[in-house]
Protein chains: 2
Amino acid sequence: MRENVMGLTVVLADGRIIKTGSLARKSAAGYDLTHLFVGAEGTLGVIVDVTLRLHPQPESVAAASCTFESIRDAVETAIETIQLGVGVARMELMDDAQVDACNRYSKTTFPVAPTLFFEFHGDSERSVNDQAETVRKIAEEHHGRGFRSFTSPEEREALWKMRHEAYFANVAIRRGGKMFTTDICVPISRLADCIVESKKDVANAPFPAPVVGTSETAIFTCPSFWIREIPAELAEARRVEEKIIRRALEMGGTCTGEHGIGTGRIQYLREEHGAGLDAMRAIKQAFDPDNRMNPGKMVEPRLLFGGSV
Amino acid sequence: MRENVMGLTVVLADGRIIKTGSLARKSAAGYDLTHLFVGAEGTLGVIVDVTLRLHPQPESVAAASCTFESIRDAVETAIETIQLGVGVARMELMDDAQVDACNRYSKTTFPVAPTLFFEFHGDSERSVNDQAETVRKIAEEHHGRGFRSFTSPEEREALWKMRHEAYFANVAIRRGGKMFTTDICVPISRLADCIVESKKDVANAPFPAPVVGTSETAIFTCPSFWIREIPAELAEARRVEEKIIRRALEMGGTCTGEHGIGTGRIQYLREEHGAGLDAMRAIKQAFDPDNRMNPGKMVEPRLLFGGSV
């Protein structure tokens, strides 16, 4: 998304209104304020207008799914697909628990196994078929079974509807459960180790913890914990979350790929950015000295046991 | 280039060293410092380490050229190619004067006319052929003549060598001339008007002013003036430059697409960014209060007739 933002209108803390970027494709005139405000969670100003780059509908679209013997095989297929530069438009990963939950909720019949779902875009039918064929071969080398293509719009729609309903599918496996997600992102080369190890962390957890991830960016919501709001489950969810995030940071990754920092992940910012956090706070101070813009979020020092991080 | 920078190591004005970004594909953890430092021309810190995203060599590559009756036809072909989402890897524009200069210098034999040069990348030979065929059809609708494909690596190399030598080709058309370039970038929809009008500005100039541009981003170095260092030519070059830049800004474009602000374009920053320039200066002040980092460049107020801009 970020790279499709061409320009913004932003109201600053002192009431001034600025415009960033332009409709020109490229500019080397001044600092890149657009990227600074995108993802700043409103702590530097209020975005009141966004100019987005539009993309034409692709000439041809196809989708596919492939199941694997192990989640490592699935992830290694995703890694190799990325590293070969196959331009998949989407590549989503689910573990067996997530596929099972989705089948029950969305009335689909995907084999209950670690699965990759793909979407291919191209200038022609031949081009998307070529992409699908390349991915099928990669999957076969990693023990992929039953590579299945979905060419009709109805089939594709059913597939992605199922994916979009994953949240509700998970709500349904534990009525009264509350979602507690991680959305770490690690370097592609570490993704398989990261997912396999993170799954071990929750193997004996007292709550369901299905895995779903966006493999083309190596972000995965692994796992979502479906906890009941009782202290024991909450404490265990926090303990496992911390373990998963620390591992992602050790692997050179980030504590949040898409969801953001808010208040919940403030404690990991220093660990992730070191002195970079001071640079962020200097910008916050320069733009909003009275701390009016979404106070308490993202870069704000959080008082912990009398000290601050 | 900008979008291939994954992370930086930067030495700040106070000697602190920070790391920005990571090897993870995406992150929502904190402000995007990477994009802030890229293109800041060293005014916020010294970049000492850069981590770049690598792309695999494409499976298949082809190049093509097409000449047009008018520069407007050429630019409209470029615009339509972009708007249709044909994923051209390169699309370069030359006017007849530039082609002529290049032919003389690089011993090529391209027809002396407004010309587009293309490079296509794809997963397969079929895919690049499909792209070339789509572009050929678009060009035909705009009176393109003699669409010519270059499939062998030797032919492609000769084509791009000629393009890379454009600077030296221009040096050769006026021995002792000094380059004076513009590199404005405007919204794609205004590109044809912008180039046609800018060419009129230099039609009667006392120096050669060939046009070369990177059409896939709508940046064009239009024109490069090959002036002799005499006051009359310098004054005329400055006058025309100002006219071309002002028009680009009126069209919603930028005074510099790639070359940067430095000292030469400081005077246009306020016009381009309005109050946004104050936001940039606030960041400069926060990072470098003693003005040690590349002083005098980009965001620095320039004293003009006792006032400042």
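Everything that follows concerns the structure shown earlier in this document.
First, a word on scope: everything that follows refers to the structure included in this document. (Residues numbered from 1 in each chain as written. Chains lettered and ligands numbered in written order. Predicted model: local features only at pLDDT ≥ 70, side-chain atom pairs only at ≥ 80, totals over all residues. Heavy atoms only, no water.)

## What about the interface of chain B and chain A?
Stated formally: Residue contacts are defined here by distance: any two heavy atoms, one from each residue, within 4.5 Å place the two residues in contact. Here the buried area means the combined drop in accessible surface, using a 1.4 Å probe, for two parts upon being joined, counting both sides. Whenever a carboxyl oxygen of Asp or Glu lies within 4 Å of a side-chain nitrogen of Lys or Arg, that contact is scored as a salt bridge. Polar contact is defined as a pair of N or O atoms within 3.5 Å, subject to the rule that within protein one atom must be able to donate a hydrogen and the other to accept it, and that residues adjacent in sequence are counted only when both atoms are side-chain atoms. In this text, helices come from DSSP runs of H or I with a minimum length of four residues, and strands from runs of E with a minimum of two, each type numbered from the N-terminal end. Classes in brief: Ala, Val, Leu, Ile, Met, Phe, Trp, Tyr, Cys and Pro nonpolar; Asp, Glu, Lys and Arg charged; the others, Gly included, polar.
Contact residues are listed per partner, giving 66 residues for chain B and 66 residues for chain A. Surface buried jointly by chain B and chain A totals about 5,100 Å² across both partners, of which 60% is contributed by carbon and sulfur atoms. Together, Arg 25, Lys 26 and Tyr 31 of chain B form the three largest contributors to the area buried by chain B at its contact with chain A, with a combined 16%. One salt bridge in this structure joins Asp 130 of chain A and Arg 126 of chain B, with 2.4 Å as the shortest N-O distance. Counting across the chain B and chain A interface gives 18 residue pairs in polar contact (both at pLDDT 80 or more). At the level of secondary structure, the elements contributing two or more residues to the side of chain B that touches chain A comprise strand S2 (17-21), helix H1 (33-37), helix H2 (71-83), helix H4 (125-141), helix H9 (266-273) and helix H10 (276-287) of chain B. The element contributing the most residues to the side of chain B that touches chain A is H10 of chain B, with nine residues. Tallied by class, residues from the side of chain B that touches chain A come to 31 nonpolar, 20 polar and 15 charged.

## Quick look at the nonpolar core
Here is the rule: Put simply, buried Ala, Val, Leu, Ile, Met, Phe, Trp, Tyr and Cys residues joined by side-chain atoms within 4.5 Å make one nonpolar core. When accessible area is computed with a 1.4 Å probe and restricted to protein chains, residues below 20% of their type maximum are described as buried, those above 50% as exposed, and intermediate ones as partly exposed.
In this structure, Phe 225 of chain A together with Phe 225 of chain B are the most contacted members of the largest nonpolar core, which totals 136 residues. If we ignore the near neighbours within four places in the chain, the residues touching Phe 225 of chain B are Lys 178, Met 179, Phe 180, Thr 182, Val 202, Phe 207, Pro 208, Ala 209, Ala 237, Val 240, Glu 241 and Ile 244 of chain B.

## A word on the sheet that holds strand S1 (residues 5-11) of chain B
All names here are of chain B. Stated precisely, the cut-off is as follows: For two strands to count as paired, DSSP must find a minimum of two bridges between them. Angular values range over 0 to 180 degrees, each being the angle between N-to-C directions of two axes fitted as lines to C-alpha atoms, with helices fitted over their stretch in contact.
Read from one edge of the open sheet, three strands run S2-S1-S3, paired in antiparallel fashion. Each of the sheet's edge strands pairs with one partner strand only, and the pair in question is S2 and strand S3 (46-52). For this sheet, the mean inter-axis angle between neighbouring strands, taken without regard to orientation, is 15°.

## As for the packing of aromatic side chains
Quick reminder of the rule: Pairing of aromatic rings covers Phe, Tyr and Trp, the last counted by its six-membered ring, and requires centre-to-centre distances within 6.5 Å; plane angles under 30 degrees mean stacked, over 60 mean edge-to-face, and any other angle means tilted. Only Lys NZ and Arg CZ are tested; either one counts as a charge over a ring when it is within 6 Å of the ring centre and within 35 degrees of the ring normal.
Inspection of the entire model under this criterion finds twelve aromatic pairs over all chains. Between Phe 118 of chain A and Phe 147 of chain A, the ring centres sit 6.3 Å apart and the planes meet at 40°, which makes this aromatic pair tilted. In this pair, Phe 118 of chain A is assigned in strand S6 (residues 115-122) and Phe 147 of chain A in strand S7 (residues 144-150), connecting sequence segments 29 residues apart. Summarising the aromatic geometry, the rings of Tyr 167 of chain B and Phe 168 of chain B are spaced 5.2 Å apart at their centres and angled 85° between planes, so their arrangement reads as edge-to-face. In this structure an aromatic cluster arises from ring pairing among Phe 110, Phe 117 and Phe 150 of chain A. The lysine or arginine in question, Arg 90 of chain A, covers the ring of Trp 160 of chain A, its NZ or CZ lying 3.7 Å from the ring centre.

## A closer look at the relation of the copies chain B and chain A
Quick note on the threshold: The copies are overlaid by a least-squares fit using only the C-alpha atoms of residues whose pLDDT is at least 70 in both copies.
In the superposition of chain B on chain A (RMSD 0.0 Å, axial shift 0.0 Å), the rotation amounts to 180°. Between the two chains, the operation in question is that of a two-fold axis. Both copies contact each other with a shared surface, as 100% of the interface residues of chain B are interface residues in chain A too.

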